[in-house]
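So you can see what is in the structure, the chains are spelled out below.
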Amino acid sequence: MLRWKRREKQLAKIAGCLFVAYLCLVYPACKHGRLPIGDDRMEIVTTVKTRRIVANRGISSDGRMESDVTRINDEQKINNAHFLSNDTDFRIVIIVQVHKRLQYLRKLLASLSRSRHIDETLVILSHDFYSAEINEFVRKQSVFPLLQIFYPTTIQQFPDVFPGTDPDDCPRDIGQQKALEKNCNNAKYPDMYGHYREAKITQTKHHWIWKLRRVFDELRATRRYDGPVLLLEEDHYVVDDFVHVVGKLTESWGRWCSDCHVGALGNYRKLNAIGDLTRTVEITQWISSSHNMGIVMNRTFWNRFSTCLSEFCHYDDYNWDWTLQHVGNVCFKPPKFNCLALSSPRVFHIGECEGLHHKGTNCNPDQRVIEIERVIARSKKSLYPSELMVTKGRASFRKAAKPNGGWGDIRDHDLCMKNGQKSNKTT
C-alpha cells in the first residue's frame, strides 16, 4: 500500500510538470494561431491565420460587436427606402469610407442632406470601426436612402492577431538580420525599405478594395447597377449641386474622352485661390496627390480594374491612391491613366487631424466649413450649370512616384486578394 501511494505521488508530479509545459509552450502557440512545428514558420502562420480570420471571421473580443456587424451586413437594409421607386433606381451611388471621426461625419452628412436630388441617390456608409454612437447618429438620418456595411476583418475586432498586431510579429525597425535571429512571424517579409508592417496603416487599403468589391459584386441593391459611383470619405464636404454635376459629367463622358477611366470632383487648391465655382472640366492624367478626392467610377472601370487585382495587392505601398496610380499606369491603355477632373471642386477636404496623413491639432471642422460655405455662397450663380465645358490638360506622361513601402508582408497580400475577389456566396 505504501509503495502504491508513493507511485501515485510520482505520477501526480509528472502530470503536473506536463501540464505546466503545455501552458508554457503549446497553449500560447495555439492561442496566437500558430503551431510550433515545421521549418517554414511563416507559411504556417499565414495558412493558419488566414483561414481563421478570412474564412471563419475569427472570434471577436466583443461578441456583440461581431454579431451586430454580421447581422447588418447580412440584412443589407436600406433606411429611408421610401424615397426610391424601386430598390435599384438611383441617380448615383455614393460610397463613404468611415472610420471613427464622428465630428467630421456629421458635417459631411449635413452637406449631403442639403444637396438637391440627394433623395434619388443611395448613400452607402462603409465602416471599419464599430461605434454605438456613430450607429445611433446614422439611424437618425431621414433625408436620403442610406445603407451601412461593415468591413469585417478590422483591427478593432482582431487587435492581437493578424490583421492586428500579433505579439510575435516583428517590430517595425528591428532589421531583417535580428528579425531572422528572433524568428518573429514575418521575419522574411520586410518592405522594400527594410521595415516590417504596421497594422494601423494597412487597414485603409484593405477596406478600400473590400468596399468596392462589396458594392459592385455583392450587394443586392447595387450588383446590377450600371450608373456612376462616387467615392467619398468621412472628412469630405460636398457642394449642393454635386449630384447634378455628376449627371452632366457622365452624360458627356464618352463624347469628350472615351479613354478617360475615372472622374474627380475634388482637388487640393487653396480656398482663397478658387474664386467662383465654374463649369470647367479638364482631361488629364490621374495623379494620386491631385485627384484622389471625390472619385467617380462605374462598372466598366471596376471590371477592368478587377483584372489587375494582383498588381494592386502586391505593390509595396500602403496607400490605396498611390497604388491606384501605379495600377492605372501599368494596366490601363493607352499607357496613361486619364480622368475628367473638375477645375472647380464639388468635394472639399475638411479633415485636419486624426487622419492617416493629417496630424493637426485643431479637430474642430467648423471654421473650415465656414470658409467653404463662403466659396459656395459667392458662386451661387455658377452652380447647376446647364452643361460643362471641357479643356485638355498636360499631354506629357507622368510616372508614379517611388512607392512608400509598408506593404511587404505576404499576409497583407493574401488578405487583399481575398478582399478584392468576388465571392461565390450569394448575398
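Note that the structure is a prediction, hence the values are computed from the model and not measured.

What follows concerns the side chain of S131. Mapping S131 onto the fold places it in the loop between β3 (122-127) and α5 (132-139). In terms of polar contacts, S131 uses its side chain to reach the backbone amide nitrogen of I134, at 3.1 Å.

The next point concerns the state of the cysteines. As enumerated under the stated definition, the model contains four disulfides in all. Across a sulfur-sulfur distance of 2.1 Å, C170 and C184 are joined as a disulfide pair. Of note, the bridge from C170 to C184 carries an S-S torsion of about 100° and is right-handed in sense. Here C184 lies in the loop between α6 (176-182) and α7 (199-218) and C170 lies in the loop between β4 (146-150) and α6, a separation of 14 residues in the sequence. Both residues of the pair, C170 and C184, count as buried. One disulfide in the model links C308 with C331; its S-S distance is 2.5 Å. With the S-S bond torsion at -135°, the cross-link from C308 to C331 turns out left-handed. Highlighted residues: C308 in the loop between α11 (299-306) and α12 (309-314) and C331 in helix α13 (residues 320-331), separated in sequence by 23 residues. On the accessibility criterion, C308 (9% relative accessible area) is buried. Among the residues examined, C331 registers a relative accessible area of 21% and is labelled partly exposed. Free of any disulfide, C339 has its nearest cysteine sulfur in C260, 6.7 Å distant.

Turning next to the packing of α7 against helix α15 (residues 410-420). Think of two packed helices as two axes; the pair is described by the angle between the axes and how far apart they sit. It is the contact of α7 with α15, at a shortest axis distance of 7 Å, that shows an interaxial angle of 20°. When the axis of α7 is compared with that of α15, the two are roughly parallel. Where α7 approaches α15, its residues T202, H206, I209, W210 and R213 are matched on the opposing element by D412, L415, C416, K418, N419 and G420. The residue inventory of the contact of α7 with α15, partitioned by class, reads four nonpolar, four polar and three charged.

Strands sit in the order β1-β4-β3-β2-β5-β9-β7-β10-β8-β12 across an open sheet of 10 strands; the sheet is mixed. What marks the edges here is a single partner per strand, and that holds for β1 (78-79) and β12 (389-392). Note that strand β5 (residues 229-233) and strand β9 (residues 295-297) share three bridges and pair antiparallel. Paired with V229 across the strands is M297, a residue of β9. Against the sheet, helix α4 (residues 102-113) engages β2 (93-98), β3 and β5, with an angle of about 145° to β5.

Let us look at the environment of Q421. With respect to the helices and strands, Q421 occurs in the segment after α15. A sequence separation of 212 residues divides Q421 from I209, and the C-alpha atoms of the two residues are 9.3 Å apart. Those residues in contact with Q421 that lie beyond four places of it in its chain are R213 and L309.

On to the side chain of T121. Along the polypeptide, T121 turns up in the loop between α4 and β3. Residue T121 is classed as buried on the basis of its relative accessible area, which comes to 0%. Side-chain polar atoms of T121 contact the backbone oxygen of I118, separated by 2.8 Å. Contact partners of T121, with chain neighbours within four places excluded, come to L84, F90, R91, I92, I94, P145 and V243.

Before going further, it helps to examine α13. Taking 1.5 Å of rise per residue, the 12 residues of α13 would be expected to cover 16 Å, and the 16 Å separating its terminal C-alpha atoms lies within 8% of that figure. For α13, a buried count of nine out of 12 residues is recorded, marking the element as mostly surrounded by other parts of the structure. Of the positions making up α13, those classed as buried are W320, D321, T323, L324, Q325, H326, V327, G328 and N329.

If you walk through the whole model with that rule in mind, you get 14 aromatic pairs. For the pair F301 and F305, a centre-to-centre distance of 5.6 Å together with 20° between the ring planes defines the contact as stacked. Remark: F305 and F301 occur in helix α11; sequence separation between them is four residues, near one turn of the helix. Residue F301 is classed as buried on the basis of its relative accessible area, which comes to 2%. Judged by relative accessible area, F305 falls into the buried class, the value being 0%. For the pair F332 and F337, a centre-to-centre distance of 5.1 Å together with 45° between the ring planes defines the contact as tilted. What makes F332 buried here is its relative accessible area of 1%. On the basis of relative accessibility, which here comes to 0%, the residue F337 falls in the buried class. Clustering of aromatic rings is evident, with ring pairs tying together W208, F216, W286, F301, W302, F305, F312, W320, F332 and F337.

Cut-offs and rules
Residues numbered from 1 in each chain as written. Predicted model: local features only at pLDDT ≥ 70, side-chain atom pairs only at ≥ 80, totals over all residues. Heavy atoms only, no water. Helix = DSSP H or I, 4+ residues; strand = E, 2+ residues; numbered from the N terminus. Polar contact = N/O pair within 3.5 Å; in protein donor to acceptor, adjacent residues only side chain to side chain. Disulfide = S-S within 2.5 Å. Buried < 20%, exposed > 50% of the residue type's maximum accessible area, 1.4 Å probe, protein only. Axes fitted to C-alpha atoms, helices over the stretch in contact; angles between N-to-C directions. Parallel < 35°, antiparallel > 145°, perpendicular 65-115°, else oblique. Contact = heavy atoms within 4.5 Å. Nonpolar A, V, L, I, M, F, W, Y, C, P; charged D, E, K, R; others polar. Pairing = 2+ DSSP bridges. Expected span 1.5 Å × (residues − 1). Phe/Tyr/Trp six-rings, centres within 6.5 Å; stacked < 30°, edge-to-face > 60°.

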